[in-house]
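The residues making up each chain are set out below.
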Amino acid sequence: MAIRIFITFLFLLQAHLALAVQFTIMGDMPYGSDSQTMEKYNSLIRLINSTSSEFAVHVGDIKSGSSTCSDETFQTQKEFFLKIDKPFIYTPGDNEWTDCSRLSNGSFDPLERLDKIRKIFFDTQYFNNNKKIDLVNQSEFGKHPLFVENQQWTVDNTLFVTIHIVGSNNNLGARGTKSSQSFLARNKANQDWLSRSFEKLKTESRDALVIIFHADPFTDWFTPNPTKLGTGFTEILEDTLLPLGLTTDKPIFVFHGDTHIFRQDHPFVYQGAPVKHIQRIVVPGAADMRALFVDIEPNRNPMIKIEPISAN
């Protein structure tokens, strides 16, 4: 009898431990000259490699908003990403494409830069390196063939998804017909990808959903309790994410960067009521060159634990 109880205990313990997932997430870096940032950035990558993370994520803005958007800049950042010895996921930020028309950025065509990002970063090597976590991307499903950057994977029964939402008001209102058409196409792709993710959350009985994108969607993000969504985020968040979120009681964790200051809160409101099971985490960045070590354990309260980590 004692042996049977012990075996049962070991089985339950193993099942309990198998549900936990640990990963590292960073963003909005490196900002500044090579002499200011590269040594610290390399040290942070080595620290990430030393953790028990099952994968690592960069939430976008791989350079500052005042630096060039050249192919050489992209290639340099890709080389940094290749130093990460774990499955690695990247979602673009505004600094590497929507803002590239600025004179200081090289006066590039933003849509051409987006195309270049897809070719340089989301290549065969990128997806081969992520086979360990069975990562899929939206282009594989036919309807939105361009959107290789919208990705989805599951680790230890937690579902992860990236959607291409960027700062500068999600590039809404950018000049030109092509930019407007690009916004509409990206918005539609993002909505479809979120819908697919929530359907997967339901049909496969996942424990939690983690949604990752770049932009801080709140125009009043500097206030203690931000509530006002920018207009470029209304359709994808207020009209899509929040209604979908209300179809489940599973925990939803939204990670984004853009505003550089680490915070963990519940700012989402739908039709005047707070959506308490959707938690938001802002990833630090820029001058605050830290990553976040995240531990999600469905059988624990609180389910999520977050520790900022620094190479200093």
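Not measured: the values here are computed from a predicted model. (Residues numbered from 1 in each chain as written. Predicted model: local features only at pLDDT ≥ 70, side-chain atom pairs only at ≥ 80, totals over all residues. Heavy atoms only, no water.)

**Concerning the state of the cysteines**
No. 1: According to the stated counting rule, one finds 1 disulfide in the structure shown.
No. 2: At a sulfur-sulfur separation of 2.0 Å, the disulfide partner of Cys-69 is Cys-100. In this structure the cystine formed by Cys-69 and Cys-100 twists about its S-S bond by roughly -85°; its chirality is therefore left-handed. Taken together, the positions of Cys-69 in the loop between β2 (56-58) and α3 (71-82) and Cys-100 in the loop between β3 (88-90) and α4 (110-121) put the pair 31 residues apart, joining distant regions of the chain. Neither Cys-69 nor Cys-100 differs from the other in exposure class; each is buried. (Disulfide = S-S within 2.5 Å. Helix = DSSP H or I, 4+ residues; strand = E, 2+ residues; numbered from the N terminus. Buried < 20%, exposed > 50% of the residue type's maximum accessible area, 1.4 Å probe, protein only.)

**Points about the environment of Thr-162**
No. 1: Counting through the fold element by element, Thr-162 comes out in strand β6 (residues 158-162).
No. 2: Of the residues examined, Thr-162 reaches a relative accessible area of 0% and is grouped as buried.
No. 3: Between the C-alpha atoms of Thr-162 and Asn-150, which are 12 residues apart in sequence, the distance is 5.2 Å.
No. 4: Setting aside residues no more than four positions away along its own chain, Thr-162 makes contact with Ile-89, Thr-91, Glu-149, Asn-150, Gln-151, Trp-153, Trp-193 and Ile-212.
No. 5: In terms of polar contacts, Thr-162 uses its side chain to reach the backbone carbonyl oxygen of Glu-149, at 2.9 Å. (Contact = heavy atoms within 4.5 Å. Polar contact = N/O pair within 3.5 Å; in protein donor to acceptor, adjacent residues only side chain to side chain.)

**Observations regarding the pattern of salt bridges**
No. 1: For the coordinates displayed, the defined rule picks out 16 salt bridges.
No. 2: Between Asp-216 and Arg-280 there is a salt bridge; the shortest N-O distance is 3.7 Å. Taken as a pair, Asp-216 in the loop between β7 (208-212) and α8 (234-245) and Arg-280 in strand β12 (residues 278-282) lie far apart in primary sequence, 64 residues in all.
No. 3: Residue Arg-280 is classed as buried on the basis of its relative accessible area of 0%. (Salt bridge = Lys/Arg side-chain N within 4 Å of Asp/Glu carboxyl O.)

**Observations concerning the confidence of the model for the chain**
No. 1: Of the residues in the chain, 94% have a pLDDT of 70 or more, and the chain-wide mean is 93.
No. 2: The low-confidence segment residues 6-18, where pLDDT is below 50, has 3 contacts with residues more than four positions distant or belonging to other chains. (pLDDT = per-residue confidence, 0-100.)

**Focus on the pairing of β7**
Side-chain positions along a regular strand alternate between the two faces of the sheet.
No. 1: Most of β7 sits out of view: 5 of its 5 residues are buried.
No. 2: Burial along β7 is two-sided: Ala-208, Val-210 and Ile-212 facing one way and Leu-209 and Ile-211 facing the other are all buried.
No. 3: Looking at chain direction, β6 and β7 are connected through 5 bridges and run parallel. Bridge pairing links Thr-162 to Ile-212 in β7. (Pairing = 2+ DSSP bridges.)

**Description of the sheet that holds strand β14 (residues 304-309)**
No. 1: Across the sheet, which stays open at both edges, the 5 strands sit in the order β3-β2-β1-β13-β14 with mixed pairing between neighbours. Only two strands of the sheet have a single neighbouring strand rather than two, namely β3 and β14. For this sheet, the mean angle separating the axes of adjacent strands, direction not counted, is 20°.
No. 2: Note: strand β13 (residues 291-296) against β14, 6 bridges, orientation antiparallel. Within β14, the position partnered with Ala-291 by the bridge is Ile-309. (Axes fitted to C-alpha atoms, helices over the stretch in contact; angles between N-to-C directions.)

**Description of the nonpolar core**
No. 1: Counting residues in each nonpolar core, the largest one holds 56 residues, and the members touching the most others are Ile-25 and Phe-255.
No. 2: Of all hydrophobic cores here, the second largest spans 25 residues; its members include Trp-193, Phe-198, Ile-236 and Val-254. (Core = buried A, V, L, I, M, F, W, Y, C linked by side-chain atoms within 4.5 Å.)

**Describing α8**
No. 1: Within the span of α8, buried status applies to Ile-236, Leu-237, Thr-240, Leu-241, Leu-242, Leu-244 and Gly-245.
No. 2: Summarising the contacts, the buried residues of α8 are in contact with α6 (167-170), α7 (177-203), β7, β8 (252-256), β10 (269-270) and β12.

**Description of the packing of α7 against α8**
No. 1: Put simply, α7 and α8 touch, their axes get as near as 10 Å, and they point 10° apart. In terms of their interaxial angle, α7 and α8 are classed as roughly parallel. Facing Asn-187, Asn-190, Gln-191, Leu-194, Ser-195 and Phe-198 of α7, the residues of α8 in contact are Glu-235, Ile-236, Thr-240, Leu-241, Leu-244 and Gly-245.
No. 2: Of the residues contributing to the contact of α7 with α8, the split by class is 5 nonpolar, 6 polar and 1 charged. (Parallel < 35°, antiparallel > 145°, perpendicular 65-115°, else oblique. Nonpolar A, V, L, I, M, F, W, Y, C, P; charged D, E, K, R; others polar.)

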